[in-house]
Amino acid sequence: MAEAHQAVGFQFTVTPDGINFHLSREVLKHIYLSGVTSWRKRAIQFKNGILTGVYPASPSSWLFVVIAIMSSIYARLDPSLGMIDSIRKMLPVSDYLTSQSQTVLSAILFATGLWWSLILLLRFTLKVLLSYHGWIFEPHGKMSSSTRLWMVMFSGRRPLLYSFQASLPRLPVPSIDDTICRYLESVRPLLDYDQYKNMEIVANEFKKDQAPRLQKYLWLKSWWASNYVSDWWEEYIYLRGRSPIMVNSNFYTMDLLYMIPTHRQAARAGNVVHALLQYRRKLERGEHIPMRALGVVPMCSSQYERMFNTARIPGIETDCVQHMRNRKHLVVYHRGRFFKLWLYYGGRHLLPSELEQQFQCILSDTSEPQPGELKLASLTAGNRVPWAKARQKYFSEGVNKTSLDAIETAAFFLTLDDEAHGYDPDRAESMDLYAKSLLHGKCFDRWFDKSFTLVVYKNGKIGVNAEHSWADAPIIGHMWEDILATDYFRLGYTEEGHCKGDINKGLAPPSRLQWDIPKCQEVIEHSYLIAKDLADDVDFHGCVFEEFGKGLIKKCRTSPDAFIQLALQLAHYRDKGEFCLTYEASMTRMFREGRTETVRSCTIESTAFVQAMEDTSEQRLALFRKAAEKHQNMYRLAMTGAGIDRHLFCLYIVSKLLDIESPFLNQVLSEPWRLSTSQTPQQQLNLVDIQKFPKYVGAGGGFGPVADDGYGVSYIIVGENLITFHVSSKYSYDSLCLQDSHRFGQNIRQAMLDIRELFITYPVTL
C-alpha cells in the first residue's frame, strides 16, 4: 500500500478541534518537478520556435539592424527615406514619451520592419534556389560550375528540424501533354498493337475534352494549398479504405540483422523505450537536423509531427488521424492483458533501469485476461466499418472509453511478445517467420491503428509495425536508426544483460486497463477470423544477398537502384513469363509536404534488355546501360515533381468531385500493380561506421503485396557489400503454382548474379 499512500497529495480529517491537513512532501515534490519540467519544455519550444520562424536569419540579426539604423540617425543620416519621421508622427502624444523617445521608438519599429522584410526576401531567395533541380540530372560524379555555385549559397547557421519549411517550394503541377505522353510510353511494352492504339485514342480524347477543365482546378489548388497531392493522397488512398489495414497498408521494420545486445526481454525494452523518449523530446523541441539530399538540399519535415501520441480513428465512411500532445504514458500488451505505464517520474523520463523494472513487473504478472480482452486488438486488424460501429456502440462511455483513450493517446504501443524471432543463418525460414510476425503477429497482439507498435520478443529481438497514413517508411527509418544507435552505443548493458543504473523502489507498478466488453466479443471474434484468414494467406521470403553490394555495382558505373530494378524485371519475367505494370516508390520531399511519387519501372528499354538476356544477345550490356539510364531519368523526373501517377490521381479526384465520367482516368486508376517495389533507406543519419562495425547493419523492412495476384518487394542496400530483399505474395493465388515468394526470391538472386556476369564478360567497361 506504500504506493497508494504516495499517490495522495494531501489528506484531511475532521476533529472536534477543527480540520487537520496532512501534506505528502514526496508527492508535492514530484508535482513541483513536473511543473518545472513542463515550463522548461515550453521555454525551449518557444526559443526554437523563434529560431525556426526567423530562419535563415537569426534573432541576433535584429539587434544588428537596430544598431545600424540608430547609428545612422545619430550620424544625421536617414536610411528610411522619411519613413521614420512618418512613423513618429503617428505615435500618440504622451507626457511619458518625449520627442527623443518617439524618434528612438520609430527607428526601432522601422528597423524591425526592415529586418522582417529582409527575412522574407531571404526566404524567397532560398525558395528560388531550392526550385533548381539541374543538379539531379547531372551525370554521377560530375558537377557543373553552376551547381557548385548553387551549393555554396546554402552555407549558413545550423538549421533546426523545421527551419526550411517556409522556404520549400510547392509541388509543381505537370502539363497534361507531358503526363499523357509519359503515360502512353509507360504502357507501350505491356499492350499489343491494337490495345495500345485504343489507349492512344482514349488518352487523346481525354486530353482534348476533359483534361483542360480538370487541370485548371488543380492549378488553383496548387496555389491555394501547401501541396496539391498530399491531403487527397492521405484521405483517399489510406483513410477511406474500408478493408483491413493489417497486411494491406501497414509495414514493418526489423532489428539489426546479426546482433542482439541482450537476451533479456525487459532490459531490451527498457533501453529502447528510453531511447524513444529521448528521440521524442528532441522531436517536440524541433532539434533534429533536417534530412538533406547531397547533404545540401533540405527535405520536408512535416511528416515527423505525428510520429508520437497518434492513432488512426475508425469511421463509417472514412477514418481520421488523431494526434495529441504532451502524453506521458505508454500502453503495453502482454499475454492478452493491457497495462498502462507512466513514463515520467519526478519531472523526468524514467531511466532505462527503471523501465526494465516496470516491464519485468508486467512479465512476472500471472493474472488472466478479462473476458474479451485477449483478442480485443483484432478489432484494428479487421474491416474498418465493423470496428467503427463497435467503437461507437461499446467504447463511447465508462471504463471502455477510459481504457481505449489510454491506448489511442499513448506515446506509442508496446507488445512484449511471448515468441522468439530474428535472423538465423542456420534456419532458412527464420527471416520469413520474423517478417510475418512483425507484419501481422497473431492478429490480436499489435494495435494496428497506432502510429507504430514496438514489438520486443522474448529473446531480445525487436521490430516495429507502422501505420501508413500519417507518414512513409523513410520517417520511421530515420527514427529507427537513431534508436538502434542509442541503444547499442550510448546506453548499453551490464555484463549480465541488464540496463545500466539503479533500481527505484519508489515507482508505482503498471496498472491494468479495465474492460467491460462481454457484448462485444462476437464482433471481436469476427474481426479476428477475417484478420487470421488474411494473415494465413500471406507468403513471405526474406533474402539476405551477400554475394556483392553497392560497392561492386558502382564500379560498374551504374546506379544501384537501377541495377536492382532491372534484376527485378528479369526475375519477374522468368517467374511469370510476362511483363507487368511495376510500381517503385520515389519521394517528393524536396517540396513542401511532399510524400511519394511512382516510378514505372517496366519500360520499353527494360523489356528489351530482359528479352536480350533470355536470348543471350551480344547487345545485352548495351541494352542494360540504356535501360539503367532510362530508369535513372524517370526517377529524377519523379523526385522533381514531373511524375505520372500523382497527377493522374488528382485529376481523377477532381473528375469525381465534378461528377465528370472519364473512361481514360477510370482505366488508368484501375490498373493493378502486380509488382510493387520500394527501396527502404538506410544510414540516413550515419551514426554508425559500418566499416568499423560491419555486424551493426539493419535488416530493413517490408510490406504486403499490393495486388492479390502480384508480389511486394522491399529491398535495402546496406553498406557496400550487402542487400536484403523482403518478398511477399498470397497463397490463395498460387493454386496453379503461378507465384511463390521463395521461388521469386531465388529468381531475384539469380538475376542479380546474371547481370553481374555481364560485367565480368566485358571487363573493359569496369
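Residues numbered from 1 in each chain as written. Predicted model: local features only at pLDDT ≥ 70, side-chain atom pairs only at ≥ 80, totals over all residues. Heavy atoms only, no water.

### Here's the deal with the overall build of the protein chain
And then number 1: Within the protein chain, the secondary structure is distributed over 24 helices and 22 strands.
And then number 2: Since a compact globule built from 766 residues should have a radius of gyration of about 27 Å, the 29 Å found for the protein chain is in line with a globular shape.
And then number 3: In terms of overall dimensions, the protein chain has C-alpha extents of about 100 × 80 × 60 Å along its principal axes.
And then number 4: Across the 766 residues of the protein chain, 53% fall into the buried class.
And then number 5: Partitioning the intrachain contacts of the protein chain with sequence separation of at least 6 by distance along the chain shows that 78% fall at a separation of at least 24.
And then number 6: As presented, the protein chain carries roughly 34600 Å² of accessible surface, and 57% of it is formed by carbon and sulfur atoms.
And then number 7: For the protein chain, the distance from the average site of its 85 positive side-chain charges to the average site of its 81 negative ones is 7 Å. (Helix = DSSP H or I, 4+ residues; strand = E, 2+ residues; numbered from the N terminus. Rg over C-alpha atoms; globule rule 2.2 N^0.38 Å. Buried < 20%, exposed > 50% of the residue type's maximum accessible area, 1.4 Å probe, protein only. Contact = heavy atoms within 4.5 Å. Areas by Shrake-Rupley, 256 points an atom, 1.4 Å probe, with all protein chains shown as cover. Lys, Arg positive; Asp, Glu negative; His and termini not counted. Charge placed at Lys NZ, Arg CZ, Asp CG, Glu CD.)

### Notes on the side chain of Lys630
And then number 1: Inspection of the secondary structure puts Lys630 in helix α21 (residues 620-639).
And then number 2: Once you skip the residues sitting within four places of it in the chain, Lys630 turns out to touch Glu185, Thr603 and Glu605.

### Looking at the state of the cysteines
And then number 1: Scanning the entire structure with this criterion turns up zero disulfides.
And then number 2: The thiol sulfur of Cys300 is not disulfide-bonded, and the nearest other cysteine sulfur, from Cys650, lies at 16 Å.
And then number 3: Judged by its relative accessible area of 1%, Cys300 is buried. (Disulfide = S-S within 2.5 Å.)

### Regarding the UniProt feature "active site" (unreviewed entry) in the protein chain
And then number 1: UniProt tags His468 as "active site" (unreviewed entry).
And then number 2: Position of His468 relative to the elements: it lies in the loop between β14 (462-466) and α16 (473-491).
And then number 3: Apart from the residues within four sequence positions on either side, His468 is in contact with Tyr238, Ser249, Asn250, Phe251 and Arg595. (UniProt positions renumbered as here; feature names shortened; annotations may be inferred.)

### Here's the deal with the sheet that holds strand β16 (residues 538-545)
And then number 1: Judged by pairing direction, the sheet is mixed, and its six strands sit side by side in the order β16-β22-β21-β19-β17-β18 without closing on themselves. Among the strands making up the open sheet, the edge pair consists of β16 and β18 (596-600). Each strand axis lies, on average, 20° off the axis of its neighbour in the sheet, ignoring direction. (Pairing = 2+ DSSP bridges. Axes fitted to C-alpha atoms, helices over the stretch in contact; angles between N-to-C directions.)

### Some details on the pairing of strand β22 (residues 722-730)
And then number 1: Counting buried residues along β22, nine of its nine residues qualify, which places the element largely inside the surrounding structure.
And then number 2: Taking every second residue as pointing to the same face, both faces of β22 are buried, with Leu722, Thr724, His726, Ser728 and Lys730 on one and Ile723, Phe725, Val727 and Ser729 on the other.
And then number 3: Of the strand pairs in this sheet, β16 and β22 are connected by eight bridges, and their pairing is antiparallel. Paired with Val538 across the strands is Lys730, a residue of β22.

### Digging into the sheet that holds strand β3 (residues 251-254)
And then number 1: Spatially, β15-β9-β8-β12-β13-β14-β3-β20 is the arrangement adopted by the eight strands of the open sheet, whose pairing is mixed. The open sheet terminates on both sides in strands that have one partner only, identified here as β15 (511-512) and β20 (701-703).
And then number 2: Pairing of strand β9 (residues 337-342) with β15, which is carried by two bridges, proceeds in the antiparallel orientation. Directly across from Lys340, in β15, lies its bridge partner Ser511.
And then number 3: Contacts between helix α14 (residues 398-409) and the sheet are confined to β8 (329-334), β9 and β12 (413-416), with β8 contributing the most and set at about 105° to the helix.
And then number 4: Its contacts with the sheet put α16 on β3, β13 (452-456) and β14, and the angle it makes with β14 is roughly 155°.

### What about the pattern of salt bridges?
And then number 1: Taken as a whole and assessed by the stated rule, the structure comprises 37 salt bridges.
And then number 2: The residue Arg391 makes a salt bridge to Glu408 at a minimum N-O spacing of 2.6 Å. Here Arg391, found in helix α13 (residues 384-394), pairs with Glu408, found in helix α14; they are 17 residues apart in sequence, far enough to count as distant.
And then number 3: Its salt-bridge partner being Glu429, residue Arg427 comes within 3.7 Å of it at the nearest N-O pair.
And then number 4: Owing to a relative accessible area of 36%, Arg427 belongs among the partly exposed residues under this scheme.
And then number 5: When salt bridges that share partners are traced, they join Arg242, Arg312, Asp319, Arg384, Asp449 and Glu467 into one network. (Salt bridge = Lys/Arg side-chain N within 4 Å of Asp/Glu carboxyl O.)

### Some points on the packing of aromatic side chains
Each aromatic ring pair is characterised by the separation of its centres together with the angle its planes make.
And then number 1: Taken as a whole and judged by the stated rule, the model has 33 aromatic pairs.
And then number 2: Aromatic pair Tyr333 and Phe338: ring centres 5.0 Å apart, planes at 70°, arrangement edge-to-face. Grouping residues by exposure puts Tyr333 and Phe338 together as buried.
And then number 3: In textbook terms, an aromatic cluster arises when at least three aromatic residues are bridged by ring pairs, as seen for Tyr333, Phe338, Trp387, Phe395, Phe413, Trp447 and Trp515.
And then number 4: Positioned above the aromatic ring of Trp232, the side-chain terminus of Lys221 is 3.4 Å from the ring centre.
And then number 5: Sitting above the plane of the Trp233 ring, Arg646 keeps its charged end 3.7 Å from the centroid. (Phe/Tyr/Trp six-rings, centres within 6.5 Å; stacked < 30°, edge-to-face > 60°. Lys NZ or Arg CZ within 6 Å of the ring centre and 35° of its normal.)

### A short note on the pairing of β18
And then number 1: Counting buried residues in β18 gives five out of five residues, a clear majority hidden from the surface.
And then number 2: Taking every second residue as pointing to the same face, both faces of β18 are buried, with Thr596, Thr598 and Arg600 on one and Glu597 and Val599 on the other.
And then number 3: Where strand β17 (residues 582-587) and β18 come together, five bridges link them in antiparallel fashion. Counterpart to Tyr583 in the pairing with β18 is Arg600.

### Observations concerning helix α15 (residues 430-439)
And then number 1: Of all the 10 residues making up α15, nine are buried; the element is thus mostly covered by neighbouring parts of the structure.
And then number 2: Among the residues of α15, Ser430, Met431, Asp432, Tyr434, Ala435, Lys436, Ser437, Leu438 and Leu439 are the ones counted as buried.
And then number 3: Trailing α15 by a residue or two, Gly441 shows a phi angle of about 55°, which is positive.

### Remarks on a nonpolar patch on the surface
And then number 1: A cluster of nonpolar residues, Leu114, Leu118 and Leu121, forms a patch on the protein surface that exposes about 240 Å² of accessible area.
And then number 2: Topologically, Leu114 is positioned in helix α5 (residues 99-130). (Patch = residues over 30% accessible without salt bridge, like charges linked within 9 Å, V, L, I, M, F, W, Y side chains within 5 Å.)

### Quick notes on the environment of Gly382
And then number 1: By the element assignment, Gly382 lies in the loop between α12 (352-364) and α13.
And then number 2: For Gly382, a relative accessible area of 0% puts it in the buried group.
And then number 3: Among all residues touching Gly382, those that are not within four sequence positions of it are Pro244 and Ser527.

### Things to note about the packing of helix α9 (residues 211-224) against helix α22 (residues 645-657)
And then number 1: Between α9 and α22, the shortest axis-to-axis distance is 9 Å and the interhelical angle comes to 105°. Taken together, the axes of α9 and α22 lie roughly perpendicular to each other. Contact residues: α9 offers Leu214, Gln215, Tyr217 and Leu218, while α22 offers His647, Cys650, Leu651, Val654 and Ser655.
And then number 2: The residue inventory of the contact of α9 with α22, partitioned by class, reads six nonpolar, three polar and no charged. (Parallel < 35°, antiparallel > 145°, perpendicular 65-115°, else oblique. Nonpolar A, V, L, I, M, F, W, Y, C, P; charged D, E, K, R; others polar.)

### Remarks on the packing of helix α11 (residues 265-285) against α12
And then number 1: Interhelical geometry of α11 versus α12 gives an angle of 135° and a closest axis separation of 7 Å. Taken together, the axes of α11 and α12 are oblique relative to one another. In terms of crossing hand, the pair formed by α11 and α12 is right-handed. The residues of α12 that touch α11, namely those facing Gln265, Ala266, Ala267, Ala269, Gly270, Asn271, Val273 and His274, are Pro352, Leu355, Glu356, Phe359, Gln360 and Leu363.
And then number 2: Split by residue class, the contact of α11 with α12 holds eight nonpolar, five polar and one charged. (Left-handed = near helix turned anticlockwise from the far one by under 90°.)

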